[in-house]
Amino acid sequence: MPDKPIREQFQTDSQRYGNEKTIEETFSNPYHPLDNELKAALEDTALLSGPEAFAFVWGPLGTSPVMTEEEMAEQFVQRHGFESLSEFKEVAARAREKVADAIWIYELIDAYRFPDFPEECAECGRSLGGMWVEPDDGPSPLCRNCADIDTERHFPS
Ligand SMILES: [Zn+2]
């Protein structure tokens, strides 16, 4: 139960690791962020080059009008410095992998910093409420009852 407030207090966010940029500065209107603003911000990261940022925003992200006609798409990407549509697609695929890696890093850090609590005892099914025992063998996790944690029984007087 107490994990929510802590998680919110110590969020895994970029500011925590030294990023000084903010969303408010990045988008002139946060309710209507623009393709070009996103592209500029992505390009400004250590991860994506200019062409990769462009290809990501106009490729895999897919928020801009879909270019259904190959010929139109070819002309469009050539106007933006790509040799061909296939080059654009290659760059877009590379950008997509890099973005996936970045999000994966976030997910890893978050899962490490805030591991989930197991919910119920593997034996009796009672709710664990953040207190559990992981025995060396047998079902796990267990509530204190099933784990037989009982001072009287363990240390008979
Ligand atoms: Zn139990």
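Note that this is a predicted model, so its numbers are computed, not measured.

## Overview of the overall build of the protein chain
In step 1: Check the secondary structure of the protein chain and you find 7 helices and 0 strands.
In step 2: Counting from the amino terminus, helix and strand elements in the protein chain follow one another as α-α-α-α-α-α-α.
In step 3: Relative to its full complement of 157 residues, the protein chain shows a buried share of 12%.
In step 4: A separation of at least 24 residues holds for 34% of the contacts in the protein chain among residues at least 6 apart in sequence.

## With respect to the nonpolar core
Where a protein is soluble and globular, its nonpolar side chains tend to be buried together.
In step 1: Membership of the largest hydrophobic core comes to 14 residues, with the highest contact counts inside it found for Ala53, Ala55, Phe56, Val57, Phe88, Ala92 and Ala95.
In step 2: By residue number, the principal contributor to this core is helix H4 (residues 50-58), which donates 6 residues.
In step 3: Once residues lying within four places of it in the same chain are set aside, the contact partners of Phe88 are Ala55, Gly59, Val77 and Phe82.

## So, the packing of H4 against helix H6 (residues 85-113)
In step 1: With their axes 8 Å apart at the nearest point, H4 and H6 run at an angle of 90° to one another. Comparing their axes, H6 and H4 come out roughly perpendicular. Across the interface between the two elements, Pro51, Glu52, Ala55 and Phe56 of H4 pack against Phe88, Val91, Ala92, Arg94, Ala95, Arg96, Lys98 and Val99 of H6.
In step 2: Residue composition of the contact of H4 with H6, by class: 8 nonpolar, no polar and 4 charged.

## Some points on the environment of Cys143
In step 1: Position of Cys143 relative to the elements: it lies in the loop between H6 and helix H7 (151-154).
In step 2: With 20 C-beta atoms packed within 10 Å, Cys143 lands in the buried category.
In step 3: Here the alpha-carbon distance between Cys143 and Gly130, two residues 13 residues apart in the chain, equals 9.8 Å.
In step 4: Setting aside residues up to four positions removed in sequence, Cys143 forms contacts with Cys121, Cys124, Arg126, Leu128 and Trp132.

## Quick notes on unusual backbone geometry
In step 1: With an omega dihedral of 0°, the bond running from Ser140 to Pro141 counts as a cis peptide bond.
In step 2: In this structure, Pro141 sits in the loop between H6 and H7.

Reading the values: the criteria
Residues numbered from 1 in each chain as written. Predicted model: local features only at pLDDT ≥ 70, side-chain atom pairs only at ≥ 80, totals over all residues. Helix = DSSP H or I, 4+ residues; strand = E, 2+ residues; numbered from the N terminus. Buried ≥ 20, exposed ≤ 12 C-beta atoms within 10 Å, placed from the backbone. Contact = placed C-beta atoms within 7 Å. Core = buried A, V, L, I, M, F, W, Y, C linked by C-beta atoms within 7 Å. Axes fitted to C-alpha atoms, helices over the stretch in contact; angles between N-to-C directions. Parallel < 35°, antiparallel > 145°, perpendicular 65-115°, else oblique. Nonpolar A, V, L, I, M, F, W, Y, C, P; charged D, E, K, R; others polar.

The values are spatial; any link to function lies outside them.
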